[in-house]
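# Observations on chain architecture
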Amino acid sequence: MPTRHSRGVYGANVGAPRLLDLHDKHDIPATWFIPGHTIDSFPEISAEVWDRGYDIQHHGWSHTGPATYETKEDEMADVERAIDSIVDLTGRKPTGYRSPAWDYSANTLDILDEVGIEWDSSKMASDFEPHWLYGNWSAPEDGPYDRGEPTDLVELPVSWQRDDWPALTFTWARPHRMGYVSEDSLFQRYYDQFDWMHENVDDGVFILTLHPQVIGQAHRISRLEELIEHMKSHDDVEFEEMDTVATEFRENN
């Protein structure tokens, strides 16, 4: 449907350049999880993300939820195709992975291990503290949940509370989802969470998940800049690529 497509075009043509300019202005890094389909569809802006010094990591090729694949082979094919798109663009394999819609199948963890992914950012077992990703879990309907055992993959935790999509985006579905949360409320949530982490969590990691077609709306860029300036006002706050954070966690643990 052309109107749905146009929102993605807006993200590539309008939102992404605005985000790049904002990060350039404040000289802070960013990690871009770009689906392979987006890289192949919008090669110029994808290349600009990389050429302007920002990291690009794995987000699937088709942005299909891993749990919807019928076989491990189907999921693996999508993962490998996305790696090829990133390698063609950047010349290096991705080290990190963020699953589409923060979804996992029973095979995802094994696939990530097989293709050499070193860290993930899709889970919510913590809010501000990196940790080891657990595998071999089980969740039987008639028995207790078994968390499993820690793997060698570092987890950089995410939260729907720090994601712009569900709060601000209308989604065509059955039923429709009306993402019309007050922007004052959303940004206050970001400030409150950041300030709480800063005061209460040693070496906390605050990860915002932002979509160019959402946060790239003109007035929202201004609100995001104000949030960045608030964070920068603290002498003990650093901005890092997620790969750097994962590497530091691995080295220290």
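Above this note sits the structure.
The paragraphs below set out a description of the structure included in this document. Just so it is clear, the model here is predicted, and its values are computed rather than measured.

### Brief notes about the nonpolar core
Ranked by size, the top nonpolar core spans 33 residues in total, and within it Trp32, Ile56 and Leu224 carry the most contacts. At the level of secondary structure, the elements contributing two or more residues to this core comprise α1 (2–26), β1 (31–34), α3 (43–51), α6 (164–168), α7 (183–200), α8 (212–215) and α9 (218–232). Residue contributions to this core peak at 6 residues, all from α7. For Ile56, the residues in contact, after removing those within four places along its chain, are Trp32, Ile34, Ile39, Ser46, Val49, Trp50, Ile86, Leu89, Thr90 and Arg92.

### Digging into α1
The end-to-end C-alpha separation of α1 is 35 Å, in line with the 36 Å expected for 25 residues at 1.5 Å each. At Gly11, α1 is deflected by roughly 35°, the largest bend along its length. Residues Gly11, Ala12, Gly15, Ala16, Leu19, Leu20, Leu22, His23 and His26 constitute the buried set of α1. Here the buried face of α1 lies against β1, α3, α8 and α9. After α1 finishes, the residue Asp27 shows a positive phi value of roughly 55°.

### Remarks on the side chain of Ser105
When you line up the elements, Ser105 lands in the loop between β3 (96–97) and α5 (108–115). For Ser105, a relative accessible area of 12% translates into the label buried. Side chain to side chain, Ser105 and Glu75 meet in a polar contact 2.6 Å long. Dropping the residues within four chain positions of it, Ser105 is found in contact with Pro66, Ala67 and Glu75.

Here is what the cut-offs are and how they apply
Residues numbered from 1 in each chain as written. Predicted model: local features only at pLDDT ≥ 70, side-chain atom pairs only at ≥ 80, totals over all residues. Heavy atoms only, no water. Core = buried A, V, L, I, M, F, W, Y, C linked by side-chain atoms within 4.5 Å. Buried < 20%, exposed > 50% of the residue type's maximum accessible area, 1.4 Å probe, protein only. Helix = DSSP H or I, 4+ residues; strand = E, 2+ residues; numbered from the N terminus. Contact = heavy atoms within 4.5 Å. Expected span 1.5 Å × (residues − 1). Bend = angle between axes of the 7 residues up to and from the residue. Polar contact = N/O pair within 3.5 Å; in protein donor to acceptor, adjacent residues only side chain to side chain.

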